[in-house]
Amino acid sequence: MNNFANLLKNHKQFGDAESYLRKALALKPDFPAAWMNLGIILASTKRYKQSETAYKNALKYRKNYPDCYYNMGNLYLEINKIDTAMESWLNAIELNPKHNSAWTNLLAMLDNNGEIDTALQLIPRALKELPESPSIKFAVANIYGKMDKYEDAEEYFLRAIELFGINVKPIHFANLGVLYHRWKKYDLAETMYRRALDIQPAFRSALKNLENLKRVKKRNK
């Protein structure tokens, strides 16, 4: 029932998934995976307090549960409890130092909240644990770009895009385009914006940045 609920959850059939998880928990109340999955569904349907309770139940029955701490971090980020989200992701990492998603979300959150010094302290460890993770390299590239460390950021962006391979997304090219844009490498910026638009023609930020870039290039003629 837990596994079937996961399939339903992946198809966003949250009501049916929740029903099967509650049946599973009625049969086995100390089933940590079912509690965690219920927490994910409750968070997805914005029942945040119930979601937190479900995650805590999962941890009651399995204390060393990095995936549960990771999902709790996502919940706390959603309700803007930034420090608690960070604590949860760090717990996930302590239990599983190679938890890629926890590292990625932690670095992205620190970047988005301007906590660059904290991010810089964590980057060496993240790269040591997961040296070939494209999502971590992308997060690092974004941080270095905001610090105007253009060459370092470019290196990490390009390697991330290479590692993403067929899973590369428009935002990966678009953010590299922003780096080139700020670096005044306008032709490269345009190329990256267009590559993003090749994948998703209606990608709003790339369209907007491309229009801004055209105006800049026109002024500089």
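Use the structure listed above.
Owing to the predicted nature of the structure, the values given are computational and were not obtained by experimental measurement.

A.B. asks: I'd love a proper account of the overall build of the protein chain, names of residues and values included.
C.D. replies: Looking only at helices and strands, the protein chain features 13 helices and 0 strands. Ordered by position in the sequence, the α and β elements of the protein chain form the string α-α-α-α-α-α-α-α-α-α-α-α-α. Expressed as lengths along the three principal axes of its C-alpha atoms, the size of the protein chain is roughly 70 × 35 × 30 Å. Put simply, the protein chain has 221 residues, and 48% of those count as buried. In the protein chain, once contacts between residues fewer than 6 apart in sequence are set aside, the share between residues at least 24 apart is 45%. Split by element, the accessible area of the protein chain, about 12,100 Å² in all, is 51% carbon and sulfur. The average position of the 34 basic charges and that of the 24 acidic charges among the side chains of the protein chain differ by 5 Å.

A.B. asks: Kindly report on the packing of helix α7 (residues 100-112) against helix α9 (residues 134-146), identifying the contributing residues and their values.
C.D. replies: Relative orientation of the contacting elements α7 and α9 amounts to 15 degrees, with a least axis distance of 9 Å. On the basis of their axis angle, the class for α7 and α9 is roughly parallel. Classified by chirality, the crossing of α9 by α7 is left-handed. Facing Asn100, Trp103, Thr104, Leu107, Asp111 and Asn112 of α7, the residues of α9 in contact are Ser135, Ile136, Ala139, Val140, Asn142, Ile143 and Lys146. Within the contact of α7 with α9, the residues separate by chemical class into 6 nonpolar, 5 polar and 2 charged.

A.B. asks: Report on the environment of Tyr76, specifying residues and quantitative values.
C.D. replies: Assignment of secondary structure puts Tyr76 in helix α5 (residues 66-78). Linking Tyr76 and Met86, residues 10 residues apart in sequence, is a C-alpha distance of 8.7 Å. Aside from chain neighbours lying at most four places away, what touches Tyr76 is Glu52, Lys56, Lys81, Thr84, Ala85 and Ser88.

A.B. asks: Describe unusual backbone geometry, naming the residues involved and giving the relevant values.
C.D. replies: With phi around 65 degrees, Asp148 is a residue other than glycine that occupies positive phi space. In the Ramachandran plot, Lys184 falls in the positive-phi region, its phi being about 65 degrees despite a non-glycine side chain. Looking at where Lys184 falls in the secondary structure, it is placed in the loop between α11 (170-182) and α12 (186-199).

A.B. asks: Go over the layout of surface pockets, please, and point to the residues and values.
C.D. replies: Considering only enclosed or pocket space, the largest pocket measures out at about 340 Å³ in volume. Contributing to the lining of the largest pocket are 20 residues, with Asp111, Phe138, Asn142, Phe157 and Asn175 lying nearest its centre. Among the secondary structure elements, those contributing two or more residues to the lining of the largest pocket are α7, α9, α10 (150-164) and α11. Per-element accounting of the lining of the largest pocket gives the leading share, 8 residues, to α9. Among the residues making up the lining of the largest pocket, the classes are represented as 10 nonpolar, 7 polar and 3 charged.

A.B. asks: With reference to specific residues and values, describe the packing of α9 against α11.
C.D. replies: Two numbers describe how α9 lies on α11: the axes approach to 11 Å, and their chain directions differ by 20 degrees. Our classification of the angle between α9 and α11 gives roughly parallel. Classified by chirality, the crossing of α11 by α9 is left-handed. Across the interface between the two elements, Phe138, Asn142, Gly145 and Lys146 from α9 touch Ile171, His172, Asn175, Leu179 and Arg182 from α11. For the contact of α9 with α11, the class distribution of residues is 3 nonpolar, 4 polar and 2 charged.

A.B. asks: Any chance you could break down the nonpolar core for me, citing the residues and the numbers?
C.D. replies: Among the nonpolar cores identified, the biggest contains 77 residues, and Tyr55, Leu106, Leu107, Met109, Ile136 and Val140 are the most heavily contacted of them. Here this core gets 9 residues from one element, more than from any other, and that element is helix α3 (residues 32-44). Setting aside chain neighbours within four positions, we find Leu107 in contact with Ala119, Leu122, Ile123, Ala126, Ile136, Ala139, Val140 and Ile143.

A.B. asks: Tell me about helix α4 (residues 48-61), and please be specific about residues and values.
C.D. replies: Under the 1.5 Å per step criterion, the end-to-end length of α4 is 20 Å for 14 residues, consistent within 8% with the ideal 20 Å. Taken residue by residue, α4 has Ser51, Glu52, Ala54, Tyr55, Asn57, Ala58 and Leu59 as its buried positions. In this structure, the buried side of α4 is in contact with α3 and α5.

A.B. asks: If you had to explain the pattern of salt bridges to someone new, which residues and values would you point to?
C.D. replies: What the rule picks out here adds up to 16 salt bridges. The shortest N-O distance in the salt bridge between Arg182 and Asp148 comes to 2.4 Å. Taken together, the residues Arg182 in helix α11 and Asp148 in the loop between α9 and α10 connect sequence positions 34 residues apart. If you follow the salt bridges from partner to partner, you end up with Asp187, Glu190, Arg194 and Lys217 in one network.

Rules used throughout
Position numbers for residues start from 1 in each chain and track the written sequence from start to end. It should be noted that, the model being predicted, local features are given only for residues of pLDDT at least 70 and side-chain atom pairs only at 80 or more, the latter also being counted only at that level, while totals for whole chains, interfaces and linings use all residues. The side-chain figures draw on all heavy atoms in the structure; neither hydrogens nor water molecules are used. We count a stretch as a helix when DSSP gives it H or I for four or more residues in a row; a strand needs E for two or more, and each element gets its number in order from the N terminus. Here the term buried applies to any residue with accessible area under 20% of the maximum for its type, exposed to any over 50%, and partly exposed to those in between, with areas from a 1.4 Å probe on protein chains only. Only heavy atoms matter for contacts: two residues are in contact if any of them lie within 4.5 Å across the pair. Exposure was quantified through the Shrake-Rupley algorithm and a 1.4 Å probe, taking into account, for residues, occlusion by the shown protein chains and nothing else. Within this scheme the basic residues Lys and Arg register as positive and the acidic residues Asp and Glu register as negative, but His and the chain ends are omitted. Taken as the charge location is NZ of Lys, CZ of Arg, CG of Asp or CD of Glu. Structural elements are reduced to axes, namely lines fitted to C-alpha atoms, with helices fitted over the stretch in contact, and the angle between N-to-C directions of any two is expressed from 0 to 180 degrees. Angles are sorted into four bins: roughly parallel if under 35 degrees, roughly antiparallel if over 145, roughly perpendicular if 65 to 115, and oblique for all others. Handedness of a crossing is defined here by the sense of rotation of the near helix relative to the far one, left-handed for an anticlockwise turn of less than a right angle and right-handed for a clockwise turn. In this classification, Asp, Glu, Lys and Arg are treated as charged, Ala, Val, Leu, Ile, Met, Phe, Trp, Tyr, Cys and Pro as nonpolar, and every other residue, Gly included, as polar. A cavity here means a set of 1 Å grid points, computed over protein atoms only, where a 1.4 Å probe fits but cannot escape. A pocket is an open set with protein on both sides within 12 Å along at least 5 of 7 lines, and lining residues have an atom within 4 Å of a point. Grid points are joined across faces, edges and corners, and a volume is the space filled by probe spheres set on the points. Among buried residues, the Ala, Val, Leu, Ile, Met, Phe, Trp, Tyr and Cys ones that are joined through side-chain atoms within 4.5 Å form a nonpolar core. Expected span of a helix, by definition, is 1.5 Å for each gap between consecutive residues, and there is one gap fewer than residues. By definition here, a salt bridge exists when the distance from a side-chain nitrogen of Lys or Arg to a carboxyl oxygen of Asp or Glu is within 4 Å.

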